[in-house]
Amino acid sequence: MNDQGDELLARVRAVLSDAGFEEIATGSEGVHLIRYAREVMVGWLPEDISPPPRRRGPRRGRRPSPHDLPGLRHAFSLAMAAALRAAGLTVEAPG
């Protein structure tokens, strides 16, 4: 590893932490940072979506479903990219 790559990783980690994104250990649910050459890849493994506890009376809103995941991924990506761009970093989406 070189110092430049280490500095970039530390900067991305600090920016995301300041924005409220907590890095989690590999294999766990949450945000993952991976240093790759001169870049840092950010991954996200969401926690299971649990339905809210049932209440008596009329039902308000709807329960989260697995179909909500693409929307959650998109919202996460937008928020993360905005935080990184605001810090002056370049963001590139895969694909």
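Residues numbered from 1 in each chain as written. Predicted model: local features only at pLDDT ≥ 70, side-chain atom pairs only at ≥ 80, totals over all residues. Heavy atoms only, no water.

1. Looking at the overall build of the protein
- Of the regular secondary structure elements, the protein holds 2 helices and 2 strands.
- Secondary structure elements in the protein, listed N-terminal to C-terminal, are α-β-β-α.
- Per-residue burial for the protein yields a buried fraction of 21% across its 95 residues.
- Considering only residue pairs separated by 6 or more positions, the protein has 43% of its internal contacts joining residues 24 or more positions apart.
- For the protein, the accessible surface area stands at approximately 7,700 Å², while carbon and sulfur atoms represent 53% of it. (Helix = DSSP H or I, 4+ residues; strand = E, 2+ residues; numbered from the N terminus. Buried < 20%, exposed > 50% of the residue type's maximum accessible area, 1.4 Å probe, protein only. Contact = heavy atoms within 4.5 Å. Areas by Shrake-Rupley, 256 points an atom, 1.4 Å probe, with all protein chains shown as cover.)

2. Some details on the packing of aromatic side chains
- Taken as a whole, this structure holds 2 aromatic pairs when the rule is applied.
- Between Phe21 and Phe76, the ring centres sit 5.4 Å apart and the planes meet at 85°, which makes this aromatic pair edge-to-face. Taken together, the residues span a long stretch of sequence, with Phe21 in the loop between α1 (3-18) and β1 (30-36) and Phe76 in helix α2 (residues 69-86) at a distance of 55 residues. Summarising the burial analysis for this pair, Phe21 and Phe76 share the class buried.
- For the pair Trp44 and Phe76, a centre-to-centre distance of 4.8 Å together with 15° between the ring planes defines the contact as stacked. Here Trp44 is found in strand β2 (residues 39-45), whereas its partner Phe76 is found in helix α2, with 32 residues between them in sequence. (Phe/Tyr/Trp six-rings, centres within 6.5 Å; stacked < 30°, edge-to-face > 60°.)

3. Re the pairing of β2
- Pairing geometry for β1 and β2, over 7 bridges, is antiparallel. Bridging from a neighbouring strand, Leu33 pairs with Val42 of β2.
- Hairpin geometry of β1 and β2 is characterised by an intervening segment of 2 residues between the two adjacent antiparallel strands and by a positive phi of about 55° at Ala37. (Pairing = 2+ DSSP bridges.)

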